[in-house]
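What the coordinates show
Chain by chain, the residues:
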Amino acid sequence: MNADADVVTLARTLRAEAERANERRVLVLAGSRERGYDRLESVLDTLSVPITATTLVGPADRLRCEQLPQANAGELLGTTRDVIAVDAHDELRPNAVGKVVGAVDGGGLLVLLVPPLEAWPDRRDGFDDSLAVPPFELADVTGRFRRRFVGTLRAHRGIAIVDLESERIEADGLTQPAPRLPTADPAPPPDRRFPAAAYEACLTGDQSDAVAALESLAEADRAVVLEADRGRGKSSAAGLAAGAFAADGEDVLVTAPASRNAAELFDRAGELCRTLEGDDTTVESRRIETSAGGSVRFREPTAAADAIDAADIVLVDEAAALPVGTLESLLAADRVAFATTIHGYEGAGRGFSVRFRDRLAESDHEVTDCRLVEPIRYAGGDPVEVWAFRALLLDARPPIEPLVADADPDSVDYRRLDPDDLLADERLLREAFGLLVLAHYRTEPNDLARLLDAPNLEARALVRDGHVVSVALLAREGNLPPDSRAMMYEGGRIRGNMLPDVLTSQLRDEAAGEPAGLRVVRIATHHAARSQGLGSLLLERVREEFRDAADWLGTGFGATPGLLAFWRENGYRTVHVSTTRNDSSGEYSALMLAPTTAAGRRLRDRHAEWFADRFGALCSDSLDDLAPDVARAVLRSVDANAAPSLSLSDHEWRVVAGAAYGPGLFDVDPGPFRDLVVRYLVDDPDDVDLTAREERLLVLRALQARDWESVADCLEYHSPGQCMRALGDAFCPLVDRYGADAAIEVRERFAGE
Ligand SMILES: CC(=O)SCCNC(=O)CCNC(=O)[C@H](O)C(C)(C)COP(=O)(O)OP(=O)(O)OC[C@H]1O[C@@H](n2cnc3c(N)ncnc32)[C@H](O)[C@@H]1OP(=O)(O)O
Ligand SMILES: Nc1ncnc2c1ncn2[C@@H]1O[C@H](COP(=O)(O)OP(=O)(O)OP(=O)(O)O)[C@@H](O)[C@H]1O
């Protein structure tokens, strides 16, 4: 019997079982790339899968179907494909696997073209290259992630493995599933606003509940959040609601990272409108017009944010894949729904819950939540979903609350999370990674590979009875040779090394990459054990351990007043705030340093001084929309020795004191006022007692140069006039504290009256 025929027969049987069970199956073709493609072509030739429902995710356009590089795998989010083949010979990007696997339809196949399995973990590939952060080299990268990945392929059900070299079928992937009982169709709810057809189109009770939840958008100031794992039918639910609203004459604006991500939504909306109106509805791929005068239209996210006023309702699909800043701008719509994936790809679902949830709660919308559990794209318990969750730790969770809830600094141990220990101890790995995913909006499958294989990364934890309560991911940075430093200074990029890179290329300090550093990339404490001093203890222990190995410890994160206070309490001082907002968090990043040697201190001191000097100018330019409380916390976390000396002339002191104590005006010469505010906030003296509102006023008006009207509005002063008087009053204690003789004379003259 010939090997090609064996593989084809295997693929057919596998697909037949997949179709019968409405589950997916994986076919691994391990061996040389050429053989892999030969077999795959034979398989595709015989399976009854239309070429239009097949996608090759790989570097070259080798089949007759759609082809995408792994970097663009995100295009498949929210879409449904019968067969997806991933060519992993040049590289395996864990994120790409996470994105494509959920798009395979029930009855479909995920085909993996990979090198021989035994040798694969020890081969260094394109993704590994991205882990070789200078001064480390490719040879320093390890293959633990792929060893674990191969182990999961061999251990899990529903995965057929063909060794193309020995022409042997290692596993047939068949699971012999028991026949499933047909489920009853969900019944439309009795008191409903949408037509019955919207409910009759639902495939599960959860989907019907989701459509019912979306009915609340008929009222103003409402938001609906649909959360689910992949393929639970949330986009379709949104589509049915969109169709029902459009058929009722409403204009529905739909947005998603790309129009393709909203394809299912438009399909359902179009089908429903046709059911309700017949041919009177115009249906195009991105635009539906109903005879009732309603519509469903697609706009790219930024265009959607600008078009909100023209729409009645806004629906955001694949919200987890959008930056928080974009989601926030969409909140300007008074009737808005977000469909979001919880696990499923790149831990990105967390971005939505970690950051955006708070903003949503603070908004004026009444929020309705709805969770869809029952799968639609494929049957519940699908073995490929189970495999993907495990292989990429998409569902990793921190320990359950009772195990860690009473942890305190006296009951925990500090431990190194050695990659070999993590590989050997699945529970430890799940707990540590789960904590990082839960706490951080950007933890993704690529990070799992980094944790296991990147030579520049270290992980440390506090454990309570062996359970992870607090975890920190650390990256070695700096210690760069002169040629790398010169390259960065001249505009070249160097991987990793976030702090030296910014300090060198943006802040023009060629020596910044010389000292050795350790950046705390991520830190998280279990939510049940926060505010007990554990995060601080972990940082202290890290500092002790690395005291002799690093000149500085550092960090960079989306700046909020609480986090700035946390780092400041732990001895970290601000040296920079990014001039653009972070794409994912929508926040400005703060960079902070905590020196451990004289070289580290010199680096911190010079950057602290430069930062304090430039911050005033930045505030009226790129940081003019920085939240005043963040600006206050940023300046308070600059090292006090870097407080700029005040070099106001006598005349300038008379202007400042004249506005504070006399009839003078801030508006005629804001410069000296600005210097005084920066000095005061960096100094943070105990003997000046301004309220938070007064400090916000100083930031908004003196630093950010906002006009009186908007400052009065923002801080709820009755009028711009009252705001002006309040600003004068706020400067009085600063004149008292810092004023030169010329200022004091002015004060005596007016205050004495
Ligand atoms: C580079 C980075 O990783 S920055 C991102 C840090 N991580 C996160 O934001 C993930 C979610 N948050 C957490 O896991 C934790 O809150 C941590 C890691 C920030 C702090 O861990 P904890 O064990 O609670 O630290 P610890 O008890 O030593 O200090 C807590 C203090 O930090 C400050 N703090 C920390 N985070 C916040 C916050 N988001 N808002 C307000 N204050 C905060 C407070 O002063 C707090 O004291 P309080 O609770 O008495 O007000
Ligand atoms: N009511 C429905 N009628 C017909 N097909 C449906 C319906 N609901 C879901 N489906 C089908 O099930 C699959 C998954 O649905 P959908 O894309 O809405 O789920 P999702 O949760 O948004 O998935 P993803 O997380 O991948 O975006 C799609 O192939 C879709 O066509």
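Residues numbered from 1 in each chain as written. Chains lettered and ligands numbered in written order. Predicted model: local features only at pLDDT ≥ 70, side-chain atom pairs only at ≥ 80, totals over all residues.

Looking only at helices and strands, the protein chain has 29 helices and 22 strands in total. Relative to its length of 753 residues, the protein chain is compact, with a C-alpha radius of gyration of 30 Å against a globular reference of 27 Å. Its C-alpha atoms give the protein chain principal-axis dimensions of about 105 × 65 × 50 Å. (Helix = DSSP H or I, 4+ residues; strand = E, 2+ residues; numbered from the N terminus. Rg over C-alpha atoms; globule rule 2.2 N^0.38 Å.)

A word on the environment of Ala246. Position of Ala246 relative to the elements: it lies in helix α8 (residues 234–247). Once residues lying within four places of it in the same chain are set aside, the contact partners of Ala246 are Val252, Ala269, Cys273, Ile288, Thr290, Gly294, Ser295 and Val296. (Contact = placed C-beta atoms within 7 Å.)

Another point: the site of ligand 1. In the vicinity of ligand 1 there are 21 residues, among which Thr525, Ser531, Gly535, Ser536 and Gly562 approach most closely. Of all the elements in the fold, those that place two or more residues in the shell around ligand 1 are β19 (516–525), α20 (534–546), β20 (552–558) and α21 (561–569). Per-element tally for the shell around ligand 1: the top contributor is β19, with five residues. Residue composition of the shell around ligand 1, grouped by class: nine nonpolar, ten polar and two charged. (Near = placed C-beta within 6 Å. Nonpolar A, V, L, I, M, F, W, Y, C, P; charged D, E, K, R; others polar.)

Here the focus is the domain arrangement of the protein chain. Taken as a whole, the protein chain is organised into domain 1 (3–172), domain 2 (196–372), domain 3 (401–622) and domain 4 (650–751). Averaged C-alpha coordinates put domain 2 and domain 4 at centres separated by 48 Å. (Domains from an automatic or database assignment.)

This part covers the site of ligand 2. Taken together, 21 residues lie near ligand 2, and Gly78, Thr80, Gly233, Ser235 and Ser236 sit nearest. Per-element tally for the shell around ligand 2: the top contributor is α8, with three residues. Considered class by class, the residues forming the shell around ligand 2 number five nonpolar, ten polar and six charged. When residues are assigned to domains, the shell around ligand 2 turns out to be shared by domain 1 (3–172) and domain 2 (196–372), each giving three or more.

Another aspect to go through is the sheet that holds strand β5 (residues 104–114). One open sheet accounts for seven strands, arranged β3-β2-β4-β5-β1-β6-β7; its pairing is mixed. Pairing within the sheet leaves two strands with one partner each, and these edge strands are β3 (66–68) and β7 (168–172). Strand-to-strand twist in this sheet, taken as the mean axis angle between neighbours without regard to direction, amounts to 15°. Where strand β2 (residues 54–57) lies against strand β4 (residues 81–87), four bridges are found, and the strand directions are parallel. Counted as the bridge partner of Thr55 is Ile84 from β4. (Pairing = 2+ DSSP bridges. Axes fitted to C-alpha atoms, helices over the stretch in contact; angles between N-to-C directions.)

Between helix α26 (residues 692–703) and helix α28 (residues 720–738), the shortest axis-to-axis distance is 10 Å and the interhelical angle comes to 110°. Judged by the inter-axis angle, α26 sits roughly perpendicular to α28. Of the residues in α28, those touching α26 at Glu694, Leu697, Leu698 and Arg701 are Ala726, Leu727 and Ala730. For the contact of α26 with α28, a count of residues per class yields five nonpolar, no polar and two charged. (Parallel < 35°, antiparallel > 145°, perpendicular 65-115°, else oblique.)

A separate point is the packing of helix α23 (residues 628–636) against helix α25 (residues 670–683). Here α23 crosses α25 at 65°, and the two axes come no closer than 7 Å. Along this stretch, α23 crosses α25, giving a crossing that reads as right-handed. Residues Arg632, Leu635 and Arg636 of α23 touch α25, and the partners they reach there are Val678, Leu681 and Val682. By residue class, the composition of the contact of α23 with α25 is four nonpolar, no polar and two charged. (Left-handed = near helix turned anticlockwise from the far one by under 90°.)

Okay, helix α19 (residues 498–506) next. Of all nine residues in α19, seven are buried; the element is thus mostly enclosed. Residues of α19 that are buried include every one of Leu499, Pro500, Asp501, Val502, Leu503, Thr504 and Ser505, and no others. Of the residues one or two after α19, Arg508 is the one with positive phi, at around 60°. (Buried ≥ 20, exposed ≤ 12 C-beta atoms within 10 Å, placed from the backbone.)

The next thing to look at is the pairing of β5. Strand residues, when the strand is regular, have side chains that alternate between the two faces of the sheet. The element β5 is largely enclosed, with a buried count of eleven among its eleven residues. Summarising the sheet, strand β1 (residues 25–30) and β5 pair through six bridges and their orientation is parallel. Bridge assignment links Val28 to a residue of β5, and that residue is Leu112. Two elements, β4 and β5, share six bridges in a ladder whose sense is parallel. Residue pairing across strands places Val83 opposite Leu109, the latter belonging to β5.

Each strand in a sheet pairs with another by means of backbone hydrogen bonds, the pair being arranged parallel or else antiparallel. One open sheet accounts for seven strands, arranged β16-β17-β18-β19-β20-β22-β21; its pairing is mixed. Edge positions in the open sheet fall to β16 (413–416) and β21 (573–581), since each of these has one partner strand only. For this sheet the average axis-to-axis angle between neighbouring strands, irrespective of direction, equals 25°. Note: strand β18 (residues 467–478) against β19, nine bridges, orientation antiparallel.

Now for the UniProt feature "binding site: acetyl-CoA" (unreviewed entry) in the protein chain. This chain's UniProt record puts "binding site: acetyl-CoA" (unreviewed entry) on Ile523, Ala524 and Thr525. Looking at where Ala524 falls in the secondary structure, it is placed in strand β19. Residue contacts for Ala524: discarding those within four places in its chain leaves Leu435, Leu436, Ala439, His440, Ser470 and Val471. Mapped onto the fold, Thr525 is located in strand β19. The contact partners of Thr525, leaving out residues within four places of it in the chain, are Val469, Ser470, Arg530, Leu534 and Gly535. (UniProt positions renumbered as here; feature names shortened; annotations may be inferred.)

It is characteristic of soluble globular proteins that their nonpolar side chains tend to be buried jointly. With 233 residues, the main nonpolar core has Val28, Val211, Leu226, Ala242, Ala337, Ala432 and Val656 as its most contacted residues. Top contributing element to this core by residue count: α8, with nine residues. (Core = buried A, V, L, I, M, F, W, Y, C linked by C-beta atoms within 7 Å.)

Once that is clear, we can look at unusual backbone geometry. Pro135 follows Pro134 through a cis peptide bond whose omega is 5°. With respect to the secondary-structure elements, Pro135 resides in the loop between α4 (126–131) and α5 (144–155). The backbone of Asp221 shows a phi angle near 55°, a positive value even though the residue is not glycine. In this structure, Asp221 sits in the loop between α7 (205–214) and β8 (222–228). Even without being glycine, Ala705 reaches a positive phi, approximately 55°. Looking at the element boundaries, Ala705 is found in the loop between α26 and α27 (708–715).

Summarising the element assignment, Pro115 is placed in the loop between β5 and α4. Sequence-wise, Pro115 and Gly36 are 79 residues apart; in three dimensions their C-alpha atoms are separated by 9.0 Å. If sequence neighbours within four positions are ignored, Pro115 has contacts with Ala30, His89, Trp120 and Arg123.

Secondary-structure assignment places Pro189 in the loop between β7 and α6 (196–200). A tally of 15 C-beta atoms within 10 Å means that Pro189 is categorised as partly exposed. Taking the C-alpha atoms as reference, Pro189 lies 36 Å from Arg25; in sequence the two are 164 residues apart.

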